Amino acid sequence: MVRRRSQPWIHQWSRPIIGAIAILGFCLTTYLTLTRLLGQSVACGTEAAASCSDVLSSPYATVFGLPLSLFGAIAYLGMSGFALAPLAISIEDNKKLRTKLEEWTWLFLLVGAVTMSIFSGYLMYILFAKIGGLCLYCIASATFSAAFLILVLTGRVWEDWGEVFLIAFVVAIITVISTLGIFNSIERGIQGNIPIYNEAGKEVISTAPPRSPQPPDGWEVTTTSGESEIALAEHLANIGAKKFGAYWCPHCYEQKQLFGPEAFEKIDYIECAADGKNAQPQVCAAAGLEGFPTWDVDGQRYSGTQTLEQLAEASGYEGPQDFKYALSR
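Anyway, here's the lowdown on the structure attached to this text. (Residues numbered from 1 in each chain as written. Predicted model: local features only at pLDDT ≥ 70, side-chain atom pairs only at ≥ 80, totals over all residues. Heavy atoms only, no water.)

## A short note on the overall build of the chain
For the chain, the helix and strand inventory stands at 11 helices and eight strands. Of all 329 residues assigned to the chain, the portion counted as buried reaches 45%. Counting only contacts in the chain whose residues sit at least 6 apart along the sequence, the fraction spanning at least 24 positions is 76%. For the chain, the exposed surface amounts to about 17,300 Å²; the carbon and sulfur share of it is 61%. (Helix = DSSP H or I, 4+ residues; strand = E, 2+ residues; numbered from the N terminus. Buried < 20%, exposed > 50% of the residue type's maximum accessible area, 1.4 Å probe, protein only. Contact = heavy atoms within 4.5 Å. Areas by Shrake-Rupley, 256 points an atom, 1.4 Å probe, with all protein chains shown as cover.)

## Describing the pairing of strand S7 (residues 300-303)
Direction of pairing for strand S6 (residues 294-297) relative to S7: antiparallel, over a ladder of four bridges. Bridge assignment links Val-297 to a residue of S7, and that residue is Gln-300. Hairpin geometry of S6 and S7 is characterised by an intervening segment of two residues between the two adjacent antiparallel strands and by a positive phi of about 55° at Asp-298. (Pairing = 2+ DSSP bridges.)

## Focus on the packing of aromatic side chains
Evaluation of the coordinates by the stated rule reveals 17 aromatic pairs. These aromatic residues form a ring-pair network of at least three members: Tyr-60, Phe-119, Tyr-122, Tyr-125 and Phe-183. In this structure, Arg-15 is placed above the aromatic ring of Trp-106, and the distance from its NZ or CZ to the ring centre is 4.6 Å. (Phe/Tyr/Trp six-rings, centres within 6.5 Å; stacked < 30°, edge-to-face > 60°. Lys NZ or Arg CZ within 6 Å of the ring centre and 35° of its normal.)

## Regarding the sheet that holds S7
Pairing in this open sheet of four strands is mixed, and the strands run S5-S4-S6-S7 from one edge to the other. For this open sheet the edge positions go to strand S5 (268-271) and S7, each flanked by a neighbour on one side alone. Across this sheet, the average inter-strand angle for adjacent strands is 20°, counted without regard to direction. Relative to S6, strand S4 (residues 242-245) runs antiparallel, the two sharing three bridges. Within S6, the position partnered with Lys-243 by the bridge is Trp-295. (Axes fitted to C-alpha atoms, helices over the stretch in contact; angles between N-to-C directions.)

## Notes on helix H3 (residues 68-84)
Here H3 spans 25 Å end to end across 17 residues, near enough to the 24 Å set by a 1.5 Å rise per residue. Here H3 has its buried residues at Leu-68, Ser-69, Gly-72, Ala-73, Tyr-76, Met-79, Ser-80 and Ala-83. Around the axis of H3, the buried residues are gathered within 140° of arc, so they sit on the same side. (Expected span 1.5 Å × (residues − 1). Arc of directions from axis to C-beta.)

## Concerning the state of the cysteines
Applying the stated criterion across every chain, the model contains one disulfide. Each sulfur in the disulfide pair Cys-272 and Cys-284 lies 1.9 Å from the other. Negative torsions about the S-S bond denote left-handed disulfides, and the value of about -85° found for Cys-272 with Cys-284 makes this one left-handed. Highlighted residues: Cys-272 in the loop between S5 and helix H10 (281-287) and Cys-284 in helix H10, separated in sequence by 12 residues. Overall, Cys-272 belongs to the buried group, its relative accessible area being 0%. The exposure class assigned to Cys-284 is buried, which follows from its relative accessible area of 6%. (Disulfide = S-S within 2.5 Å.)

## Describing the pattern of salt bridges
The tally for this structure, following the rule as stated, stands at six salt bridges. For Glu-103, the salt bridge goes to Arg-156, with nearest N and O atoms at 3.5 Å. Placement of the pair is Glu-103 in helix H4 (residues 91-131) and Arg-156 in the loop between helix H5 (136-154) and helix H6 (161-191), with a sequence separation of 53 residues. One salt bridge in this structure joins Lys-266 and Glu-234, with 3.8 Å as the shortest N-O distance. (Salt bridge = Lys/Arg side-chain N within 4 Å of Asp/Glu carboxyl O.)

## Here we look at the environment of Ser-117
Turning to its location among the elements, Ser-117 is positioned in helix H4. Judged by relative accessible area, which is 18%, Ser-117 ranks as buried. Taking the C-alpha atoms as reference points, Ser-117 and Ala-146, 29 residues apart in sequence, are found 5.5 Å from one another. With residues near it in sequence (within four places) discarded, Ser-117 still touches Ser-145, Ala-146 and Leu-149. Engagement of the side chain of Ser-117 in a polar contact is seen with the backbone oxygen of Ala-113, the distance being 2.7 Å. (Polar contact = N/O pair within 3.5 Å; in protein donor to acceptor, adjacent residues only side chain to side chain.)

## So, the side chain of Gln-257
Note on placement: Gln-257 falls in helix H8 (residues 250-259). When neighbours within four sequence positions are excluded, Gln-257 is seen to be in contact with Ile-205, Val-221, Thr-222, Thr-223 and Tyr-325.

## Structural notes on a nonpolar patch on the surface
Where nonpolar side chains cluster on the molecular surface, the patch consists of Leu-166, Phe-169, Val-170, Ile-173, Ile-174 and Ile-177 and spans about 600 Å² of accessible area. Phe-169 gets classed as exposed once you look at its relative accessible area, which sits at 52%. (Patch = residues over 30% accessible without salt bridge, like charges linked within 9 Å, V, L, I, M, F, W, Y side chains within 5 Å.)

## Quick notes on the environment of Phe-292
Here Phe-292 shows up in the loop between H10 and S6. Sequence separation of Phe-292 and Gly-245 is 47 residues, and the distance between their C-alpha atoms is 5.1 Å.

And the structure:
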């Protein structure tokens, strides 16, 4: 009697594992997409993770006018379908159809895994080299993509590795070219932003700086303060208003740009990043912040970048309000 060779466990469970990771990734990216579309902040529990909101709202997180996470959700949905579809067909009922479907879907899984791994790898470069923040959601998604590639390559017996490498090489070239094209376009938009004026005559400032922040001060403020900005800043300081932020936070930079350097120096600003200038991370931890920036005005919390008009209304400011700048969204 010839003893049948047992199948490695990875070959038995690779599809269910890929499917489970893909479903988890779909849930994660769907959550990020919904929070972005609804204008909400993502849940970030620690000081390090608090920059998730800033990373996910940066210009790099939008492609073709849509949240990048939406495309991630579509990719994860496709990977889950390719991984789990053959398992819905019983071998006893239709072995031929299942075998054929497995062959085709493995190729689709290979293409998807290579594409997602390369794209996620470039996003990690953007995250650390360009934005300079820390996004646990982004890192988790990149980990999922790497896991896909490992599971696809080891999850079955590939009869022709030459064909596998050829397919992976072609897909990699196409993905690299497409990825560089997409993000080069985004960077040109950031770096080539020409100041314009809105209907109220205010100069519109960019929503994010083009390079990573340098401790302890972060990005250089390029605007100038007017009399109204200085008067509002003095009013906020007089009533005990506080602003919590971090030097690496793009929205905190926006807030500084709206005030200008002369006015912002008068704000009671609390630096939450441990390596920032005059850092007070213990004060920020005790405050139980959900993200940056956060304003504390008359006992009320205001999260995210606030226009100077919003701060004037919240603080009861009655001075001149011919503020110079508006946000570009």
